[in-house]
Amino acid sequence: MRNPTATRLLFEMSESGRGTVVFPESDVPDVSGVPVPGAEHLASVLLPLPELAEPDVVRHFVNLSTLNMSVDSHFYPLGSCTMKYNPKRHERLARLPQAVASHPYQQESQIQGLLSVLYELQGMLAEISGLPGVSLHPAAGAQGELTALLTAAAYFRHRGEQRTRVLFPASAHGTNPASAALAGFECVQLSGGRDGFVDLSELRAQLDERSAVFMVTNPNTLGLFEKDIATIAAMLHEVGGLVYIDGANMNAILGRTRPGDFGGDMMHYNVHKTFTGPHGAGGPGAGPIAVRDFLAPFLPAPVVTFDAVRNWYSLTEPEHSIGRMRSFFGNVGILLRGYCYIRTLGGRGLREASDCAVLNANYLLSQVRDFLDVPHGHRCMHEFVASAKRLKEQTGVTAMDIAKRLLDYGFHAPTVYFPLVVEEALMMEPTETESLATLDAFAAALRQICSEPAELVKGAPHTTAVCRPDEVNAARKPVLCWSAQC
Ligand SMILES: *Cc1c(COP(=O)(O)O)cnc(C)c1O
């Protein structure tokens, strides 16, 4: 439903004669009456374009830009998505002419500088993960998952092994089974232990010579560190399988521990999450993967290599490469932002960022626990999952209602209804840069909402341009074009 105060469309604001384009007097003969050869094939209708003055247009777009919430304008605790603040110096670096004015078809000799940065980034990502083979190709975490699974499939094929099954816990992000299915594997979902961790006996019962990869997020999507991860990895390795670490939650462990050290064989990063690339609304991301040395020969082509003797960076095809996953060599603009972040903070700074992210999440957890249940874990890593189940039973107010009402208080909502293993889930991830005052204000708003009359909360939001869209139809049948008829 649209709020009457919402900004009208340019077409609706249009007024005949209000346009400000003034053409100069023509200084060539008027030939408008002369027939143009082939004119019957040319369109001759006047397009019904809106007529507006420049200030109308500027105000329209500036006002429109304030209707949505963003990291730059609001607290944005969208769990799992790591909506970190995007430092503006990264934007400056990514916009340097050396970056934006170069073209991927330029010769190696002309882009040595850019290649050296990408090479350095490969090394940093190898160091942070403890996994030496890095591909910067994948455009997002989901494509990183697919790329790593195809890399694993190529490795097994090379060894003449027939491994067909990919396993994952019920708390897995939906992209995990989707990637496994796309890569041609059979998906096996574990139901998981009641405490939110992988159930080792359930996993053991599923493992055999058909097991290819176990995909696990660590810390998991409940914000808990899988404490048995080394045992899990050993179990997989015993049957010849591999462990894939979904690295979307790396913001909790940077500089504290490394997937390569706790048994992971492959992982992806989400540069747009952990390393501050601006994201949301489907904007460009980057999902580089890191793998163990024996998997590196199968990585996508090209990777950046360095010849110290010639002091030369090259784009090289790994020996048994699976080929290309996308054009050229990754979403370089986002990779540069990640590079800038890692270089700015350094090893110690990254670790401090993670420590603060975990501290902030635990502080918020301690506040929220007063009025909402947090079914899994007494402490959390960088995020936690609260449940509105009890409130729903008592008053009818759901997780979705709370999320909508938070918008009235000037906060972006947490993630709702994920992971699926928690009923009426509200997944909160404050990130490291939020102040104590912001966390307190957010917790106070949540507390207030939980005691407000149900009708008020269920009708929210009351202050936004759009109230409650039909979410299913908005996703499945979006109306993206304006037409005079609608
Ligand atoms: C965000 C996320 C992904 C997918 O990453 P994209 O970059 O959005 O494709 C996978 N797993 C988890 C746990 C995530 O939070």
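Residues numbered from 1 in each chain as written. Predicted model: local features only at pLDDT ≥ 70, side-chain atom pairs only at ≥ 80, totals over all residues. Heavy atoms only, no water.

With that settled, consider the domain arrangement of the chain. Taken domain by domain, the chain comprises domain 1 (5-25 + 40-67), domain 2 (88-344) and domain 3 (361-473). Taken over C-alpha atoms, the centre of domain 2 sits 31 Å from the centre of domain 3. On the side of domain 3, 15 residues touch domain 2, which itself brings 19 residues to the contact. Approximately 1200 Å² of surface area, both sides summed, lies buried where domain 2 meets domain 3, with 64% of it carried by carbon and sulfur atoms. Taken together, domain 2 and domain 3 are joined by zero salt bridges. Linking domain 2 with domain 3 are five residue pairs in polar contact (both at pLDDT 80 or more). For the side of domain 2 that touches domain 3, a count of residues per class yields nine nonpolar, eight polar and two charged. (Domains from an automatic or database assignment. Contact = heavy atoms within 4.5 Å. Buried area = accessible area lost by both parts, 1.4 Å probe. Salt bridge = Lys/Arg side-chain N within 4 Å of Asp/Glu carboxyl O. Polar contact = N/O pair within 3.5 Å; in protein donor to acceptor, adjacent residues only side chain to side chain. Nonpolar A, V, L, I, M, F, W, Y, C, P; charged D, E, K, R; others polar.)

One finds L203, F214 and F275 to be the most contacted residues of the largest nonpolar core, which totals 55 residues. Among the secondary structure elements, those contributing two or more residues to this core are α5 (112-129), β3 (186-190), β4 (211-217), α9 (229-238), β5 (242-246) and α11 (332-368). For this core, the element with the highest residue contribution is α11, accounting for ten residues. Those residues in contact with F275 that lie beyond four places of it in its chain are L125, I128, L254, Y269, N270, R337, G338, Y341, I342 and L350. Counting residues in hydrophobic clusters, the runner-up holds 29 residues, among them A361, L364, L365 and L406. (Core = buried A, V, L, I, M, F, W, Y, C linked by side-chain atoms within 4.5 Å. Buried < 20%, exposed > 50% of the residue type's maximum accessible area, 1.4 Å probe, protein only. Helix = DSSP H or I, 4+ residues; strand = E, 2+ residues; numbered from the N terminus.)

Our focus in this paragraph is the sheet that holds strand β10 (residues 384-387). The strand order across the open sheet formed by three strands is β10-β12-β11, and the pairing between neighbours is antiparallel. Single-partner strands in this sheet number two, and they are β10 and β11 (415-416). Relative to strand β12 (residues 425-428), β11 is paired through two bridges, and the arrangement is antiparallel. Opposite V416, over in β12, you have L426 as the bridge partner. Helix-sheet contacts for α11 involve β10 and β12, and the interaxial angle to β10 is about 15°. (Pairing = 2+ DSSP bridges. Axes fitted to C-alpha atoms, helices over the stretch in contact; angles between N-to-C directions.)

Per the counting criterion, the structure on display carries 13 aromatic pairs. With 6.3 Å between their ring centres and 50° between their planes, F275 and Y341 make a pair best called tilted. Residue F275 is located in the loop between α10 (271-274) and β7 (289-291), and its partner Y341 is located in helix α11; the two are separated by 66 residues in the primary sequence. Clustering of aromatic rings is evident, with ring pairs tying together Y155, F156, F294 and F298. (Phe/Tyr/Trp six-rings, centres within 6.5 Å; stacked < 30°, edge-to-face > 60°.)

Tallied over the entire structure, the rule returns 24 salt bridges. A salt bridge links R258 to D261; its shortest N-O distance comes to 2.9 Å. R258 sits in the partly exposed class, given a relative accessible area of 26%. The class for D261 is exposed, based on a relative accessible area of 52%. We note a salt bridge from K392 to E424, for which the minimum N-O separation is 3.3 Å. With K392 in helix α12 (residues 389-395) and E424 in the loop between β11 and β12, this residue pair connects regions lying 32 residues apart in the sequence. Looking at K392, the relative accessible area reads 40%, which means it is partly exposed.

Residues in close proximity to the ligand include S80, A140, G141, A142, E145, H173, T175, D246, A248, N270, H272 and K273, which together make up its full environment. Between the ligand and the protein, one listed contact pairs an oxygen atom with a side-chain N or O atom of N270 at 2.9 Å. Note that an oxygen atom of the ligand is positioned 2.7 Å from one of the side-chain N or O atoms of H272. The fraction of the free accessible surface of the ligand (380 Å²) that becomes covered by protein chains is 88%. Only α6 (141-158) and α10 provide two or more residues apiece to the shell around the ligand. (Near = heavy atom within 4 Å. Areas by Shrake-Rupley, 256 points an atom, 1.4 Å probe, with all protein chains shown as cover.)

The subject of this paragraph is the pairing of β12. Side chains A425 and M427 project from β12 onto one buried face, and the interleaved L426 and M428 project onto a second face that is buried too. Relative to β12, β10 runs antiparallel, the two sharing four bridges. Across the sheet, the residue bridging to V385 is M427, located in β12.

Right, let's talk about the environment of V100 for a bit. One can find V100 in helix α4 (residues 97-100). Ignoring any residue separated from it by four or fewer positions in sequence, one finds V100 in contact with A94 and R95.

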